[in-house]
Number of protein chains: 2
Amino acid sequence: MEMPLPPDNFHILDTTLRDGAQQEGLRLSVADKLRIAGHLDALGVTFIEGGWPGANPNDTAFFVAAAQELQLANSRLVAFGSTRKAGGRAADDPLTAALRDAGTDYVCLVAKSHDAHVTHALRTTLEENLAMVADTVSHLVEHGKHVFVDCEHFFDGYRANPGYALEVVRTAAEAGAEVVVLCDTNGGMLPSQMGDVVSAAGAVGVDLGIHCHNDTGCAVANTIAAVEAGAMHIQGTVNGYGERTGNADLTTVVANLQLKYGWPLLTDQQLAGLTHTSHAIADITNQAPHTRQPYVGHSSFAHKAGLHASAIKVDADLYQHVDPSAVGNDMRMLISDMAGRANVQIKGEQLGFDLSDRELAARITEIIKRREADGYSYEAADASFELLLRDELGELDAPFGIASWRVLTEHRPGDAEGDTYSEATVKLVAHDPELGPKRLAVVGEGNGPVDALDDALTQALVPVFGHVERFKLVDYRVRIMETGGTDAVTRTLIDMSDGDHTWTTVGVGGNVIESSWEALSDAYFFGLVKGYGRPQPIQ
Amino acid sequence: MEMPLPPDNFHILDTTLRDGAQQEGLRLSVADKLRIAGHLDALGVTFIEGGWPGANPNDTAFFVAAAQELQLANSRLVAFGSTRKAGGRAADDPLTAALRDAGTDYVCLVAKSHDAHVTHALRTTLEENLAMVADTVSHLVEHGKHVFVDCEHFFDGYRANPGYALEVVRTAAEAGAEVVVLCDTNGGMLPSQMGDVVSAAGAVGVDLGIHCHNDTGCAVANTIAAVEAGAMHIQGTVNGYGERTGNADLTTVVANLQLKYGWPLLTDQQLAGLTHTSHAIADITNQAPHTRQPYVGHSSFAHKAGLHASAIKVDADLYQHVDPSAVGNDMRMLISDMAGRANVQIKGEQLGFDLSDRELAARITEIIKRREADGYSYEAADASFELLLRDELGELDAPFGIASWRVLTEHRPGDAEGDTYSEATVKLVAHDPELGPKRLAVVGEGNGPVDALDDALTQALVPVFGHVERFKLVDYRVRIMETGGTDAVTRTLIDMSDGDHTWTTVGVGGNVIESSWEALSDAYFFGLVKGYGRPQPIQ
C-alpha cells in the first residue's frame, strides 16, 4: 500500500467560525470567536476563516476586534464573502467593500458553479455569473488581496453541466484566484466518485481545494479522496461543526494525513495538542463533546471489553491503530460491568493503589458492577472511584458526617417573573483532627438549590477546615437516565477545584437534588481526604 | 459516474446487540435486546447478531428468551462466538457448545487472522490457529449451522503477513464457512487502501463480508469501498454504536447504497422507517441521539441560514442531496438568530398561522432573536413557539395565572442514605370559562422537586379543568449552558402528552428549578389553550 507523497505546499483552512457557526444551536460571541481563533492558531492551521463581514454584524465586529487584539503566531485570518450582485460592479458593491476593508490579506469568495443555482436562486444568466466571478476576484486582487474562490455546489453542478462548472473554475483562475475550492455543498458525494471530478478540475491548471459536508457520512473520506486526486487545500471545521450533518472534521482529516500518510502538516507538538484543541473549542461553543469522535473523543482509545484489556497489558500496538499520545489523548481502561479484574487493577494502579491481591480486585469489581447497575458511572468520576477504593481498603478517615439537609426554592408573590430564591439548611458533624467532633447547623443561600447547598456545606466545614474556602464548583453536568421501566434515575457529575487540582465526583438519585447532593458532598469529602486546598509550597 | 450493480445476494448483518453493546456506557437488559431486535426486524435487516451465549450470562439469557418470545418476520438471528480453545477439540469445547445450542440456524465465529495476535494474545502456534478455525467451523456445519467467520484484525494481519491472513480465509472457506468477514478491528484503514486487500481475499473464492470500525472517521466509506471491491455482506450497528469510536453506522451505509446506488436492499417503506428505527433504538439504549447524524439526525435536513431558506422555497432539490421523506426524516426550517423572515414565516405557516404580513413577521423574528440571546431555543419547542406567536397575534386566552410557588426537598435525620422527600405549594387563579376566576392553593408531593411541582399544578387545575388529569410529563431534558461570563443558564425542555398529542415546551432560568417551572407551567398552559386532554370522538 503505497503512501502518497505530500504536495510542496499544503493549506489547512479552518472555517469553524464561518461555516461551522451555521450549526443548529451554535451561537458565538465576538469574545468566543477570538478565543477559538487563539486555539486554532496554537494548533497551527494555515488559515482561519473568521466570518462574513458586512453580511453578519457579529462577524463585522469580529474582524474589527481581531485587527486590534488578535495576535496570530502561525495562522492567517481570512475574510469570507460572495461574488458581487448580478448586474452591478464589484467596485460599487457594499459587500465586496466590506470584504476588501476587513483588514485581512486573504479573502475567500463563494461563487455559484451549478447552472440551476445561477438561474433559479440568483436569477441571472450563466454569462453574468461568470462576469461576477471575474469582476469580484480581479477587483480584490487589484487591491492586494490573496483570493480563494469556493465553487458552491460544484459536484452537483459538474454532474448537471460539467462544461459550465469547469468554466467557473477557469474564470476564477484567470482572474487571479490562487486556489479554487470545489465544494460538495449538499454533501451527497461518495469517495469513489471524487477522483474523476477533481482530476477534471485539476486539468484547468489552478491549485485546487476541497470543502465537504457530511450528509453521506463520508466528509472525511471525500476530503482525503480529493487530496489523493491532487487537492492541496482542505477546508473543514473543528469537531465537524456545521449546518445539517456538519462540515468535514478537520481534526480527523489532519490526524489521518499526518499519522497514516506521514505528512508533516503540523509539528509533533502541535499535533499532540489536537485533543486539547477539540475539547477547548467544544467548551467555548458549549457543544457536548462527541465521546466517540475519532482521535480526540473521550472514548476513542478507551478499552472496555475484558478480553482486550488483558491483551493490552501484553502489547498496546496489537489493539490501537495509533499511539494516542500522538494526538494528546490517553488509552483509558474503562471500569464497567463488562470489565474483568484486569481493568480495575490497572485503574487502581494509575491512582496509586496496589490491587494485585486477586480477591480484593474481584470484590471491588463486584461493587463497581452493582453500583453501575444502579446508574453510577466511574468512567469520568475518578474521585468517587478512589473514595470507593479507599473505603474497601480501610484507608478512609471520614472528615465529616451528615445529619440532615434540606433546600427550599420559591417564587414569591410580587417577585419578577422567573425569579426564584433558594435557601438550604445543612446539619453535620465535622471531625476536627485535634479537637474531635463538632456539630454545626448552618443556612446557605444561592441563586438555585445546588448553589444554596454548596454555600451551606462550605459554611458548615470552614470553622474546622478553613482551606475549604478554596474549593470551587467548576462544572456541573446532569443527566436523566431511564434504567428501564418508568423510574428515571438522575446522575450528576461535579468537577471541583482548589485552583491547583480538579477532581470529579458522581451522584445518583431519583431526582436532581438527590444526585447533586451526593456528588457535591463527596466532592468536599474527597478534597478534604486528599488535603487539597492548602496553599502549595513556593517552588 | 457509473453506478455499481447490486450483487445477486446481499447481507445486512446488524451487530448492535453484540459489538454495539461494547460501547462505553451502554448497558442492555434482555428486555431491551428483545425490543431492539423487534425494531431491527421491522427495518428489514437480513441478520441480527444477538450476542455471545456462554461468555456473557445476559446474552445466554437473551437467546433463551428469544427462542420463546421473539417472532421475526424478516431477519434471522445469529449467535456469536469464538473458535475453540487452543489444544482442545470443538466437540468438547463448552463455548462452542453454547454456540451450537443457542437455538439459531446461523452462527458467527471470530477467528484470529493476524499472526502476532495468534502468538502473543492467544499464545499458540500459527498452525494450531488454523486447526481451531477448521475444527470449529466444520463441527458447527456438521450440526446443521450456517457459519460466518469474522477474521479479526484482518487488514493489519494482511499488512504484516499477507500469506497467513489469506490462509485463514481459505481454511474457513474450505471448512464450510458461507461468508468470511474481513474485520478492520483497530479501525485504522483508509478507503483507498481497501480495494486491493479485499480483491486479494476475493481471489480465494468465498463470499466476503466487511466489518469496519470508525477510528479514522472512515467506517462508512471503508465499508462501501469493500462493497465496491466485491463484498456482499456488511456488518455494522444502528447509530454506529460500538467500542472506542464505534462500528460502521448501518443506517448510513444502507441509506447510501439504496439512495445513491439504487440498490433495493430494503423496501421503500422499510427505508422510510430508518429515522424511526434509529431514534427508537437510541431511546432504548438511552443514548442521546446524535443530531448531526447523516440521514436520520434531527438536524440532518434542517435548513438554517436565511440564505438557504429563501432558495428552498424555490426548489428543495437545489439544497438537499436526497428527499428526506425517503428515510422518514423531515426538512425543518429552523428558527434562529441567523434566520430571516423567511424561516419564521414558513414555520408559522406549518403551525397554521398566517405571517405573510412582513412587519408582523419581522417583529416576531426580533422577539425570537432576543429570547435566544437569553438562552431559549425554539428548534424543538414548537409549543413554546406557538404560545409566543399567539401572544403576539392577540390570540391567547390565558387559562390560568400563577400567584406564587415554592418547593422544598429534604433529607431528614434517620432517612435512608440518599432518600429525599419533596413537597411543593402552588397558588394560582384558574379562569373557568363559565364561572370566572377561581383561586386555588394546593400542596403537591413527589419523588423530586419537579415531580412535586407537577403534582401541585395538576391538583390546582383539575377542579376547573378536569381533563388535565390526562396530561403526563413524558420527557424531561436539562442542560446547563454558559452564556459567556460565569453566569450559567439552565434550559429545560419538557415533552407532555395526553395520549393522543405530544407537545414540547422550553424554560430558561438561573437554576434547574426555575427553568423546569417555566417549561412545566407553559406545558399545562399550552395543553389547555389547545383543548388537549378531552376524549377524542370515536372514529
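Residues numbered from 1 in each chain as written. Chains lettered and ligands numbered in written order. Predicted model: local features only at pLDDT ≥ 70, side-chain atom pairs only at ≥ 80, totals over all residues. Heavy atoms only, no water.

**Q** Break down the packing of helix H15 (residues 358-373) of chain B against helix H16 (residues 382-392) of chain B for me, with residues and values.
**A** When two helices pack together, their arrangement is given by the angle between the helix axes and the distance between those axes. Residues and elements named next belong to chain B. The interhelical angle for the contact between H15 and H16, taken along N-to-C directions, is 135°, at an axis separation of 11 Å. By the angle between their axes, H15 is oblique relative to H16. Crossing hand, H15 versus H16: right-handed. Between H15 and H16, the residues in contact are Arg 363, Ile 364, Ile 367, Ile 368 and Arg 371 and Phe 385, Leu 388, Leu 389 and Glu 392, respectively. (Axes fitted to C-alpha atoms, helices over the stretch in contact; angles between N-to-C directions. Helix = DSSP H or I, 4+ residues; strand = E, 2+ residues; numbered from the N terminus. Parallel < 35°, antiparallel > 145°, perpendicular 65-115°, else oblique. Left-handed = near helix turned anticlockwise from the far one by under 90°. Contact = heavy atoms within 4.5 Å.)

**Q** Can you break down helix H9 (residues 219-228) of chain B residue by residue, with the values?
**A** Within H9(B), 9 of the 10 residues are buried, which leaves it mostly tucked inside the rest of the structure. Among the residues of H9(B), B:Ala219, B:Val220, B:Ala221, B:Asn222, B:Thr223, B:Ile224, B:Ala225, B:Ala226 and B:Val227 are the ones counted as buried. Those residues of H9(B) hidden inside the fold are in contact with helix H9 (219-228) of chain A together with strand E6 (179-184), helix H8 (194-202), strand E7 (207-212), strand E8 (233-236) and helix H10 (250-260) of chain B. Phi turns positive, to about 120°, at B:Gly230, one or two residues after H9(B). (Buried < 20%, exposed > 50% of the residue type's maximum accessible area, 1.4 Å probe, protein only.)

**Q** A description of the domain arrangement of chain A should follow, citing residues and the corresponding values.
**A** Its domain assignment divides chain A into domain 1 (11-285), domain 2 (302-373), domain 3 (407-463) and domain 4 (465-539). Computed over C-alpha atoms, the centres of domain 1 of chain A and domain 4 of chain A are 42 Å apart. (Domains from an automatic or database assignment.)

**Q** Provide a residue-level description of the sheet that holds strand E8 (residues 233-236) of chain A, including the pertinent values.
**A** Residue and element names in this part refer to chain A. Read around the closed barrel, the 8 strands follow the order E1-E2-E3-E4-E5-E6-E7-E8; overall the barrel is parallel. Neighbour-to-neighbour, the strand axes of this sheet turn through a mean angle of 25°, independent of strand direction. Relative to strand E4 (residues 106-112), strand E3 (residues 76-82) runs parallel, the two being bridged by 5 bridges. Directly across from Gly 81, in E4, lies its bridge partner Leu 109. Along the sheet face, helix H1 (residues 30-43) touches strand E1 (11-14) and strand E2 (47-51) and points at about 170° away from the line of E2. (Pairing = 2+ DSSP bridges.)

**Q** Please give an account of the interface of chain B and chain A that cites residues and values.
**A** Between chain B and chain A, the contact holds 105 residues from the first and 107 residues from the second. Counting each side, the surface lost to burial between chain B and chain A is near 8400 Å², with a carbon and sulfur contribution of 53%. On the surface where chain B and chain A come into contact, there are 0 salt bridges. Our count for the chain B to chain A interface comes out at 24 residue pairs in polar contact (both at pLDDT 80 or more). (Buried area = accessible area lost by both parts, 1.4 Å probe. Salt bridge = Lys/Arg side-chain N within 4 Å of Asp/Glu carboxyl O. Polar contact = N/O pair within 3.5 Å; in protein donor to acceptor, adjacent residues only side chain to side chain.)

**Q** I'd like a rundown of unusual backbone geometry, residues and numbers included.
**A** Residue A:His153 is not a glycine yet carries a positive backbone phi of 55°. Along the chain, A:His153 falls in the loop between strand E5 (146-152) and helix H6 (154-160). Its relative accessible area of 1% is what places A:His153 among the buried residues. Of note in this structure, B:Arg244 is not a glycine but carries a positive phi near 55°. Its location among the elements puts B:Arg244 in the loop between E8 and H10.

**Q** Please set out the side chain of A:Asp184 residue by residue, giving values where relevant.
**A** Residue and element names in this part refer to chain A. Mapping Asp 184 onto the fold places it in strand E6 (residues 179-184). Despite being buried, Asp 184 has no salt bridge partner; Arg 159 is the closest side chain of opposite charge, sitting 7.0 Å away. At 3.1 Å, the side chain of Asp 184 forms a polar contact with the backbone nitrogen of Met 189. Other than its neighbours up to four places away in sequence, Asp 184 contacts Phe 155, Met 189, His 211, Cys 212, His 213 and Asn 222. (Lys, Arg positive; Asp, Glu negative; His and termini not counted.)

**Q** Report on the pairing of E5(A), specifying residues and quantitative values.
**A** All names here are of chain A. Extensive coverage of E5 is indicated by the burial of 6 of its 7 residues. Relative to E5, E4 is paired through 7 bridges, and the arrangement is parallel. Directly across from Leu 109, in E5, lies its bridge partner Val 149. Bridge count between E5 and E6: 4 bridges; the pairing is parallel. The residue bridging Phe 148 from the neighbouring strand is Val 179, located in E6.

**Q** Kindly report on the packing of aromatic side chains, identifying the contributing residues and their values.
**A** One pass over the full model with this rule turns up 32 aromatic pairs over all chains. Taken together, the aromatic side chains of A:Phe471, A:Trp503, A:Tyr524, A:Phe526 and A:Tyr532 make up a single cluster linked through ring pairs. Positioned above the aromatic ring of B:Phe80 is the side chain of B:Arg18, whose terminal nitrogen or guanidinium carbon lies 3.6 Å from the ring centre. Just above the ring of B:Phe62 sits the side chain of B:Lys33; from NZ or CZ to the centre is 5.6 Å. (Phe/Tyr/Trp six-rings, centres within 6.5 Å; stacked < 30°, edge-to-face > 60°. Lys NZ or Arg CZ within 6 Å of the ring centre and 35° of its normal.)

**Q** Mind laying out the relation of the copies chain B and chain A, listing which residues take part and the relevant values?
**A** Once chain B is rotated about the relating axis by 180° and shifted along it by 0.1 Å, it coincides with chain A to within an RMSD of 0.1 Å. Given the turn and translation reported, the copies of this chain are related as if by a two-fold rotation axis. Nearest to the rotation axis, the C-alpha of B:Leu408 is located 2.1 Å from it, this being the minimum over chain B. Both copies present the same face, since 99% of the interface residues in chain B are matched by interface residues at the equivalent positions in chain A. (Least-squares fit on C-alpha atoms with pLDDT ≥ 70 in both.)

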